[in-house]
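Letter by letter, the chains look like this.
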Amino acid sequence: EVMTTIYLTKKISSKLNKYLLEKIISIIKEKDNSKIDYFQIFEVNNNQLINSQEKPEKSEKYNLAYKFKEKIKIWAIKSEEETKKYWTIMFPEEY
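Residues numbered from 1 in each chain as written. Predicted model: local features only at pLDDT ≥ 70, side-chain atom pairs only at ≥ 80, totals over all residues. Heavy atoms only, no water.

**Some details on the packing of aromatic side chains**
Thinking step 1. In this structure the tally under the stated criterion is four aromatic pairs.
Thinking step 2. Ring geometry for Phe39 against Trp75: centres 4.9 Å apart, planes inclined by 90°, an arrangement best described as edge-to-face. A residue pair is termed long-range when its members are at least 10 positions apart, and Phe39 in strand S2 (residues 39-53) and Trp75 in strand S3 (residues 58-80) qualify at 36 residues.
Thinking step 3. Of the residues examined, Phe39 reaches a relative accessible area of 14% and is grouped as buried.
Thinking step 4. Three or more aromatic residues link up through ring pairs in this structure, and these residues are Phe39, Trp75 and Tyr95. (Phe/Tyr/Trp six-rings, centres within 6.5 Å; stacked < 30°, edge-to-face > 60°. Helix = DSSP H or I, 4+ residues; strand = E, 2+ residues; numbered from the N terminus. Buried < 20%, exposed > 50% of the residue type's maximum accessible area, 1.4 Å probe, protein only.)

Here's what the structure looks like:
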């Protein structure tokens, strides 16, 4: 079993709400061993976090404890090497 590491961009660690970040990390960790696409999209809309992927097309909604005024979009991208796999959480403009 290869340990999954999660990296955050500087902008994510300084700008993203910590509650949202923890929620996203827990979703990634929970789903990581299932067959999820390497590209995960997270969108925040009021008090909902929508997690979607393109292959296979799939979308799930999670309720949040707070309402967020602005719409926020976050990407999580998985990279795999022989000995390790890791996710990078970023804002789309950082790609």
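**A word on the nonpolar core**
Thinking step 1. Ranked by size, the top nonpolar core spans 20 residues in total, and within it Leu16, Ile24, Phe42, Leu49, Ile72, Ile74 and Ile89 carry the most contacts.
Thinking step 2. Elements that contribute at least two residues to this core include exactly helix H2 (18-31), S2, S3 and strand S4 (85-90).
Thinking step 3. Not counting residues up to four positions away in its chain, the partners in contact with Ile24 are Leu16, Phe42, Leu49, Ile74 and Ile89.
Thinking step 4. Listed in part, the five residues of the second largest apolar core include Phe39, Trp75, Ile77 and Met90. (Core = buried A, V, L, I, M, F, W, Y, C linked by side-chain atoms within 4.5 Å. Contact = heavy atoms within 4.5 Å.)

**Quick look at the sheet that holds strand S1 (residues 4-8)**
Thinking step 1. Across the sheet, four strands lie side by side as S1-S4-S3-S2; this open sheet has mixed pairing. Both outer strands of the open sheet, S1 and S2, are each paired with one neighbouring strand and no more. Here the strands of the sheet are splayed against their neighbours by 25° on average, with no regard to which way each runs.
Thinking step 2. Two strands pair when backbone bridges link them, and S2 and S3 are joined in this way by 13 bridges, in the antiparallel orientation. Across the sheet, Ser52 pairs through a bridge with Ser59, a residue of S3. (Pairing = 2+ DSSP bridges. Axes fitted to C-alpha atoms, helices over the stretch in contact; angles between N-to-C directions.)

**Quick word on H2**
Owing to its 3.6 residues per turn, the α-helix aligns residues three or four sequence positions apart on the same side.
Thinking step 1. The terminal C-alpha atoms of H2, which comprises 14 residues, lie 20 Å apart, in line with the 20 Å expected from a rise of 1.5 Å per residue.
Thinking step 2. All of the buried residues along H2 are Leu20, Leu21, Ile24, Ile27, Ile28 and Lys31. Take H2 and look down its axis: the buried residues cluster within an arc of 130°, on one side only. Turned more than 90 degrees off the buried face of H2, the exposed positions are Glu22, Lys29 and Glu30. (Expected span 1.5 Å × (residues − 1). Arc of directions from axis to C-beta.)

By themselves these figures say nothing about function.
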